[in-house]
Amino acid sequence: MSKKDVREGREPIRSTAEYYKLNTKAIDDLVSADKGNSPEVSREELKKYGARRKFTLSQWLKAILIKFWFAGVICYFFIWGLGTYVANSLDLWLITAVALGFMTDLATNPILRLTEKNEGDSAVWMMFTKKKKFITLPLNVIYSCALMALCVYTYSLINHVVGVGVEPLLFGVVITAWDLILIQCKHLFQRILADAKAQAAQKK
């Protein structure tokens, strides 16, 4: 028995073989552990050892921030970046709309899916929710053209009151606002259609 074992009051391990036997058993117990043979641990106890987060963002806030940021990026690189090279305003808006559609399909929506806690949580913040390649891309481009038309109309209304230029922050706010409005209109139409189908089924 070592002096350290005597001081700490531990039982001595008499041989190297016994030492490895004890450690092998601990590893076997760990590997074979499951819900059936493991003791229950309270939620309070788990919180002591779990990672503590200072705050978490809700899915709706994540969706708004992500949509706003990518819309601002599109404005910065296309409206500001190409504005000096594309003289025709209509061509510039059309190019920007196509770029926004590509960004929505290839970046915004995939990132929304990555941030969701449960599968499908982010679908309520997308106009087109299918994940298959090349199916939603043309639809998102067409949808972005509609968003851009509404954005141009909104800017024209604002400029009747106060003159403002196109810059990423306001552009991101306008595009995101119209996007959320149209998505909510889609959900409202789906609920009305579902209620109509349910009422028709009850009458049969």
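Refer to the structure above for everything that follows.
Being a predicted model, the structure only gives us computed values, none of them experimental.

S.K.: Got a minute to help me understand the overall build of the protein chain in this structure?
M.R.: Counting its secondary structure elements, the protein chain contains seven helices and zero strands. For the protein chain, the succession of helices and strands along the chain, N to C, is α-α-α-α-α-α-α. Surface summary for the protein chain: the accessible area is close to 15,300 Å², and the carbon and sulfur share equals 64%.

S.K.: I would appreciate a short explanation of empty space enclosed by the protein in the present structure.
M.R.: Take a probe with the size of a water molecule and roll it over the atoms, and the empty space left behind shows itself. This structure, assessed with the given rule, holds one cavity of 30 Å³ or more. Here the largest cavity defines a volume of roughly 170 Å³. Taken together, 17 residues line the largest cavity, and the ones lying closest to its centre are Lys67, Thr104, Thr108, Leu147 and Asp179. Going through the elements one at a time, helix H4 (59-82), helix H5 (89-115), helix H6 (136-161) and helix H7 (168-203) are the ones with two or more residues in the lining of the largest cavity. Residue contributions to the lining of the largest cavity peak at five residues, all from H5. A class-by-class count of the residues in the lining of the largest cavity yields ten nonpolar, five polar and two charged.

S.K.: Would you explain H6 in this entry?
M.R.: Since one α-helical turn is 3.6 residues long, residues separated by three or four positions face the same way. A rise of 1.5 Å per residue sets the reference length of H6, with its 26 residues, at 38 Å; its end C-alpha atoms lie 37 Å apart and thus fit the reference within 8%. Of the positions making up H6, those classed as buried are Thr136, Leu137, Asn140, Val141, Tyr143, Ser144, Leu147, Met148, Cys151, Thr154 and Tyr155. Residues of H6 that are buried in the fold lie against H5 and H7.

S.K.: Looking at this structure, how should I read the packing of H5 against H6?
M.R.: The packing of two helices is summarised by the inter-axis angle and the distance between the axes. The geometry of H5 relative to H6 is characterised by a closest axis approach of 7 Å and an angle of 130° between their N-to-C directions. One element, H5, and the other, H6, form an angle in the oblique class. In the crossing of H5 with H6, the sense of the turn from one axis to the other is right-handed. Here Trp93, Leu94, Thr96, Ala97, Val98, Leu100, Gly101, Phe102, Thr104, Asp105 and Asn109 of H5 come into contact with H6, specifically with Thr136, Leu137, Asn140, Val141, Ser144, Cys145, Met148 and Val152. In terms of residue class, the contact of H5 with H6 is made up of eleven nonpolar, seven polar and one charged.

S.K.: I'm lost on the pattern of salt bridges in this one. Help?
M.R.: Pairing between side chains of opposite charge can happen when the charged atoms of each approach one another. Throughout the structure, instances matching the rule amount to one salt bridge. Two residues, Lys67 and Asp179, come together in a salt bridge whose shortest N-O distance is 2.7 Å. Placement of the pair is Lys67 in helix H4 and Asp179 in helix H7, with a sequence separation of 112 residues. On the accessibility criterion, Lys67 (8% relative accessible area) is buried.

S.K.: Explain the packing of aromatic side chains to me, please; I cannot follow it from the model alone.
M.R.: Aromatic rings in a pair are described by how distant their centres are and how their planes are angled relative to each other. What the rule picks out here adds up to five aromatic pairs. Members of the aromatic cluster, joined through ring pairs, are Tyr76, Phe77 and Trp80.

S.K.: Looking at this structure, how should I read the state of the cysteines?
M.R.: When the sulfur atoms of two cysteines share a covalent bond, that bond is a disulfide. For the coordinates displayed, the defined rule picks out zero disulfides. Here Cys151 stays unpaired: no disulfide links it, and the sulfur of Cys75, its closest cysteine neighbor, is 8.2 Å away. When its relative accessible area of 0% is taken as the criterion, Cys151 is described as buried.

S.K.: What exactly am I supposed to notice about the nonpolar core here?
M.R.: Note that soluble globular proteins tend to have their nonpolar side chains buried in a common cluster. In terms of nonpolar packing, the biggest core is built from 30 residues, with Ile79, Met103, Met148, Cys151, Phe171 and Ile175 touching the most fellow members. Of all the elements in the fold, those that place two or more residues in this core are H4, H5, H6 and H7.

S.K.: Is there a simple way to think about the packing of H4 against H7 in this case?
M.R.: Packing of H4 against H7 brings their axes to within 8 Å, and their N-to-C directions diverge by 130°. With respect to H7, the axis of H4 lies oblique. Every pair of crossing elements has a handedness; the one defined by H4 and H7 is right-handed. Where H4 abuts H7, its residues Ile64, Lys67, Phe68, Ala71, Gly72, Cys75, Tyr76, Ile79 and Trp80 lie against Pro168, Leu169, Phe171, Gly172, Val173, Ile175, Thr176, Asp179, Leu180 and Ile183.

S.K.: Could you clarify how one ought to interpret H7 in this entry?
M.R.: Taking 1.5 Å as the rise per residue, H7 with 36 residues should run 52 Å; its terminal C-alpha atoms sit 53 Å apart, in good agreement. Along its buried surface, H7 packs onto H4, H5 and H6. For H7, the side-chain oxygen to backbone nitrogen distance between the N-cap and Leu169 is 2.8 Å, and the N-cap itself is Glu167.

The rules behind each value
Residues numbered from 1 in each chain as written. Predicted model: local features only at pLDDT ≥ 70, side-chain atom pairs only at ≥ 80, totals over all residues. Heavy atoms only, no water. Helix = DSSP H or I, 4+ residues; strand = E, 2+ residues; numbered from the N terminus. Areas by Shrake-Rupley, 256 points an atom, 1.4 Å probe, with all protein chains shown as cover. 1 Å grid on protein atoms, 1.4 Å probe; cavity = no way out; pocket = protein on both sides within 12 Å on 5 of 7 lines; lining within 4 Å. Points joined across faces, edges and corners; volume = space filled by probe spheres on them. Nonpolar A, V, L, I, M, F, W, Y, C, P; charged D, E, K, R; others polar. Expected span 1.5 Å × (residues − 1). Buried < 20%, exposed > 50% of the residue type's maximum accessible area, 1.4 Å probe, protein only. Contact = heavy atoms within 4.5 Å. Axes fitted to C-alpha atoms, helices over the stretch in contact; angles between N-to-C directions. Parallel < 35°, antiparallel > 145°, perpendicular 65-115°, else oblique. Left-handed = near helix turned anticlockwise from the far one by under 90°. Salt bridge = Lys/Arg side-chain N within 4 Å of Asp/Glu carboxyl O. Phe/Tyr/Trp six-rings, centres within 6.5 Å; stacked < 30°, edge-to-face > 60°. Disulfide = S-S within 2.5 Å. Core = buried A, V, L, I, M, F, W, Y, C linked by side-chain atoms within 4.5 Å. Polar contact = N/O pair within 3.5 Å; in protein donor to acceptor, adjacent residues only side chain to side chain.

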